[in-house]
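Observations on the three-dimensional arrangement
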Amino acid sequence: MLDPSNNPMNPAEALRVLSEQIHAESATITKLREEVSKVIVGQQYMLDRLFIALLTDGHVLLEGVPGLAKTLAIKTLSDAINVEFSRIQFTPDLLPADVTGTLIYNQKNEGFTVKKGPVFANFVLADEINRAPAKVQSALLEAMQERQITIGDQTYPLPHPFLVLATQNPIEQEGTYPLPEAQVDRFMLKVVLDYPTKDEERQIIRSNVREEGLTSAEQVATIEDIERARKLVKRVYLDEKIEQYIVDLVYATRQPGEVGLSYLDPMIGFGCSPRASINLALASKAYAFLQGRAFVIPDDIRAIAYDVICHRIGLTYEAEAENMSARDIVDKIVEKVEVP
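So, a few notes on the structure that sits alongside this text. What you see is a predicted model, and the numbers here were worked out from it, not measured in a lab.

With respect to the nonpolar core
Residues Leu32, Ile52, Leu77, Leu280 and Phe289 are the most contacted members of the largest nonpolar core, which totals 79 residues. The biggest single contributor to this core is helix H11 (residues 274–290), with nine residues.

Spelled out as structure tokens, the structure:
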């Protein structure tokens, strides 16, 4: 937040300077977006959310049927920044050590050495994360929250930046394990993907059947570029009225009766944690940055609210009986809570 007491410039002048800095730095994100779009046809909604997570040090849970370029998107983004990418295929027989790493006995030295797992990468794709049991899913909890992994009695920091992109298939439910609420809460965003349009699908066909094959992304940005952009995102102005709007939206998921939605009480098992408020504030700042603005407006909150809030609401049997989804509930809350 811009504080005149800590800034020799008045607030208007400080916003102007910040806007100029954002305009200059957003060229890097524009180049990234263009480079990734050479490989990924359409799916701009997913790409925008990936950039938001990247700019705010968050994680993303993608839900969609196979073949919607979920894996290709994160791999292409890692190529465009030239960071280490790792893919973990979650299966029912996977063990926690297969993700984090383990201690291996070395007969020559008569001691244990550390074998680090695939989670030690900048971008980690947890493919079909709901295919593995809870003990494997929970192996990611420490990594996602503390950005570290404990193997034996030693703790090892993870590379920076560190982003987990997890995918799950909403159709096949046999042999799957629902994600624990504690882990779902650690994903900043949950993005539900849709099919491409007819025009986009024609482009997909052409790019996959041409003689020269698929285009690959080239490096157009560095980790230092991303770090500079992250610092600017944190400086995006968030007015007190916008803060209160965020709190009102999140609080309404816990006490819907306070905003005149008492009939939703039996349908909500539990509302959002304070992590939702934090992530909504951060994500809205990043969304404003992507729009080239130095301040957050209510439309930014409304645009990103569904991706931040929906997966954090616990539904009851009454909600299922009424065919009421989390998105329906957030719809009603967004409509009802007063906009500043």
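What to know about the packing of aromatic side chains
Summed over all chains, the structure comprises zero aromatic pairs. Its end group placed over the ring of Tyr45, Arg49 keeps NZ or CZ at 3.8 Å from the ring centre. One Lys or Arg, Arg327, reaches over the ring of Tyr306 and ends 4.2 Å from the middle of that ring.

Focus on the pattern of salt bridges
Considering all chains together, one arrives at 18 salt bridges under this definition. We note a salt bridge from Asp57 to Arg147, for which the minimum N-O separation is 3.1 Å. Placement of Asp57 in the loop between helix H2 (44–56) and strand E1 (60–63) and of Arg147 in the loop between helix H6 (141–146) and strand E6 (148–151) is noted, with a sequence separation of 90 residues between them. Classification of Asp57 by relative accessible area gives partly exposed; the value is 26%. Here Arg275 makes a salt bridge to Asp185, at a shortest N to O gap of 2.7 Å.

Observations concerning the packing of helix H1 (residues 11–37) against H2
The interhelical angle for the contact between H1 and H2, taken along N-to-C directions, is 140 degrees, at an axis separation of 12 Å. Comparing their axes, H2 and H1 come out oblique. By crossing handedness, the relation of H1 to H2 is classed as right-handed. Where H1 abuts H2, its residues Ile29, Leu32, Arg33, Val36 and Ser37 lie against Gln44, Leu47, Asp48, Phe51 and Leu55. Split into classes, the residues belonging to the contact of H1 with H2 amount to six nonpolar, two polar and two charged.

Things to note about the sheet that holds E1
Strands in a sheet are paired, the pairing made by backbone hydrogen bonds, and the direction either parallel or antiparallel. Overall, parallel pairing links the five strands, which are arranged E2-E5-E8-E1-E9 in an open sheet. Edge strands, defined here as strands with exactly one partner in the open sheet, are strand E2 (85–89) and strand E9 (189–192). Going across the sheet, the axis of each strand differs from the next one's by a mean of 20 degrees, ignoring polarity. As defined by bridge partners, E1 adjoins E9 across four bridges and the pair is classed as parallel. Across the sheet, residue Val60 finds its bridge partner in E9, namely Leu189. Contacts from H2 reach E1, strand E5 (123–127), strand E8 (163–168) and E9, with the element oriented near 170 degrees to E9.

Comments concerning the environment of Glu338
Mapped onto the elements, Glu338 comes out in the segment after helix H14 (326–336). Put simply, Glu338 and Ser86 are 252 residues apart on the chain and 43 Å apart in space, counted from C-alpha to C-alpha.

Some points on the packing of H2 against H11
At a minimum axis separation of 9 Å, H2 and H11 run at an interaxial angle of 115 degrees. For the pair H2 and H11, the sense of crossing is right-handed. Residues Asp48, Arg49, Phe51, Ile52, Leu55 and Thr56 of H2 lie in contact with H11, whose contacting residues are Leu282, Ala283, Ala286, Tyr287, Phe289 and Leu290. The residue inventory of the contact of H2 with H11, partitioned by class, reads nine nonpolar, one polar and two charged.

Here we look at unusual backbone geometry
In this model, His160 is joined to Pro161 through a cis peptide bond whose omega is 0 degrees. Positionally, Pro161 belongs in the loop between strand E7 (154–157) and E8. For Arg147, which is not glycine, the phi torsion reads 55 degrees and is therefore positive.

Examining the side chain of Arg230
Locating Arg230 in the fold gives a position in helix H9 (residues 223–235). Of the residues examined, Arg230 reaches a relative accessible area of 7% and is grouped as buried. Aside from chain neighbours lying at most four places away, what touches Arg230 is Leu54, Leu55, Asp57, His160 and Pro161.

Criteria and cut-off values
Residues numbered from 1 in each chain as written. Predicted model: local features only at pLDDT ≥ 70, side-chain atom pairs only at ≥ 80, totals over all residues. Heavy atoms only, no water. Core = buried A, V, L, I, M, F, W, Y, C linked by side-chain atoms within 4.5 Å. Buried < 20%, exposed > 50% of the residue type's maximum accessible area, 1.4 Å probe, protein only. Helix = DSSP H or I, 4+ residues; strand = E, 2+ residues; numbered from the N terminus. Phe/Tyr/Trp six-rings, centres within 6.5 Å; stacked < 30°, edge-to-face > 60°. Lys NZ or Arg CZ within 6 Å of the ring centre and 35° of its normal. Salt bridge = Lys/Arg side-chain N within 4 Å of Asp/Glu carboxyl O. Axes fitted to C-alpha atoms, helices over the stretch in contact; angles between N-to-C directions. Parallel < 35°, antiparallel > 145°, perpendicular 65-115°, else oblique. Left-handed = near helix turned anticlockwise from the far one by under 90°. Contact = heavy atoms within 4.5 Å. Nonpolar A, V, L, I, M, F, W, Y, C, P; charged D, E, K, R; others polar. Pairing = 2+ DSSP bridges.

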